[in-house]
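If you want the building blocks of each chain, they are given just below.
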Amino acid sequence: MKKKVVSMMLCAAMTAAVLAGCGSSTQTATDDAASAGTEEAADAAEDAAAEEETADAAEAETEETAGGTLVMGTNAEFPPYEFYEGQEVVGIDAEMAAAVAEKLGMELKIEDMAFDSLIPALSSGKIDIVAAGMTVTEDRLEFVNFSDTYATGIQAIIVPEGSEIASADDLAGKTIGVQQGTTGDIFATDIEGATIERYAKGMEAVQSLSQGKIDAVIIDNEPANVFVSEVEGLQILDEAFAVEDYAVAVAKDNEELLDQVNAALAELKEDGTLQAIVDKYITAE
Ligand code: GLN
């Protein structure tokens, strides 16, 4: 079985924006008002309250640009992009996001959750970015913004060795395992007469396949390579589904962070950091 190497999208370098923010505060207004003790105190307090609001807004903005924590949501069941090494989530996305956070002068924190919880978590502000081998799709673009792409994924088909399924066309009417909420799930759902078994983890679908409970699994090629190397008797078909772009997702209302992520990614592509991270986790055969 040939191992496909994710080809990096080495886009033209963007000019790096100024990443560090400025840290100003008008917090003292409140103190002034509190200590005024005159007739104007009420007015001053009102002004202070208004100014404090502005200060809070400025602070919130500053937190994203200088210092603070960048919270990345992921589903750490997707090697080599994200997986556990002991207690720690490692992989291409984890290292890329850490490098982006560093460029932003922030510290990266990783929240591991179900894949289909990632976009809701982004929208509710629980996390700042999604880095989860997430494919850019029109549907998702209705809810989130995507950064420039940083990798390519291919939807692969895994079958038992010697399976009668030799191409995507043979999947009609079969029982197909997928990871819930992924593009593999979406593709499988469109296959005529197919029964879809949805799993929380891609590896669970692959185990089910090896136990003969399902006929095939549709999943991204790199995790497919890892899973098939760990489970006996399975193979990846040469014919694959769509080629997809992976990107970092950011909440719709956070254009500023999107610009910063894009600027950081451009630098990481330009200086070879991104390629070095990919090479660390994906070895061409
Ligand atoms: N690339 C697929 C998607 O975006 C799967 C990602 C994943 O399972 N982490 O739906």
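Up top is the structure these notes are about.
Quick look at the environment of Ile219
Examined against the element boundaries, Ile219 turns out to sit in strand β9 (residues 216–220). Ile219 sits in the buried class, given a relative accessible area of 4%. Between the alpha carbons of Ile219 and Val206 there is a distance of 9.5 Å; along the sequence they are 13 residues apart. Setting aside its immediate chain neighbours within four residues, Ile219 contacts Ile154, Gln155, Ala156, Ile158, Gly202, Ala224 and Phe227.

A look at the packing of helix α3 (residues 92–103) against helix α10 (residues 273–281)
The contact between α3 and α10 brings their axes to 9 Å, and the two run at 155°. Between α3 and α10, the angle falls in the class roughly antiparallel. When you trace α3 past α10, the crossing you get is right-handed. Mapping the contact onto sequence places Ile92, Glu95 and Met96 in α3 and Leu274, Ile277, Val278, Lys280 and Tyr281 in α10. Residues belonging to the contact of α3 with α10 are distributed by class as follows: 6 nonpolar, no polar and 2 charged.

Points about helix α9 (residues 255–270)
With 16 residues, α9 should reach 22 Å at 1.5 Å per residue; the first-to-last C-alpha distance of 22 Å fits that figure. For α9, the set of buried residues is Leu257, Leu258, Gln260, Val261, Asn262, Ala263, Ala264, Leu265, Ala266, Leu268 and Lys269. One or two positions beyond α9, positive phi appears at Gly272, with a value near 85°.

Structural notes on the site of the ligand
Lining the immediate surroundings of the ligand are 13 residues, of which Ala132, Gly133, Thr135, Thr183 and Asp220 lie closest. With respect to the ligand, the backbone of Gly133 contributes an N or O atom lying 2.8 Å from a nitrogen atom. A distance of 2.9 Å separates an oxygen atom of the ligand from a polar atom in the side chain of Gln179. In the complex, 100% of the free accessible area of the ligand, which totals 300 Å², lies under the protein chains. Broken down by class, the residue content of the shell around the ligand amounts to 5 nonpolar, 5 polar and 3 charged.

Things to note about unusual backbone geometry
For the peptide bond that leads from Pro79 to Pro80, omega is 5°, which places it in the cis range. Structurally, Pro80 can be placed in the loop between β1 (69–74) and β2 (83–85).

Conventions adopted
Residues numbered from 1 in each chain as written. Predicted model: local features only at pLDDT ≥ 70, side-chain atom pairs only at ≥ 80, totals over all residues. Heavy atoms only, no water. Helix = DSSP H or I, 4+ residues; strand = E, 2+ residues; numbered from the N terminus. Buried < 20%, exposed > 50% of the residue type's maximum accessible area, 1.4 Å probe, protein only. Contact = heavy atoms within 4.5 Å. Axes fitted to C-alpha atoms, helices over the stretch in contact; angles between N-to-C directions. Parallel < 35°, antiparallel > 145°, perpendicular 65-115°, else oblique. Left-handed = near helix turned anticlockwise from the far one by under 90°. Nonpolar A, V, L, I, M, F, W, Y, C, P; charged D, E, K, R; others polar. Expected span 1.5 Å × (residues − 1). Near = heavy atom within 4 Å. Polar contact = N/O pair within 3.5 Å; in protein donor to acceptor, adjacent residues only side chain to side chain. Areas by Shrake-Rupley, 256 points an atom, 1.4 Å probe, with all protein chains shown as cover.

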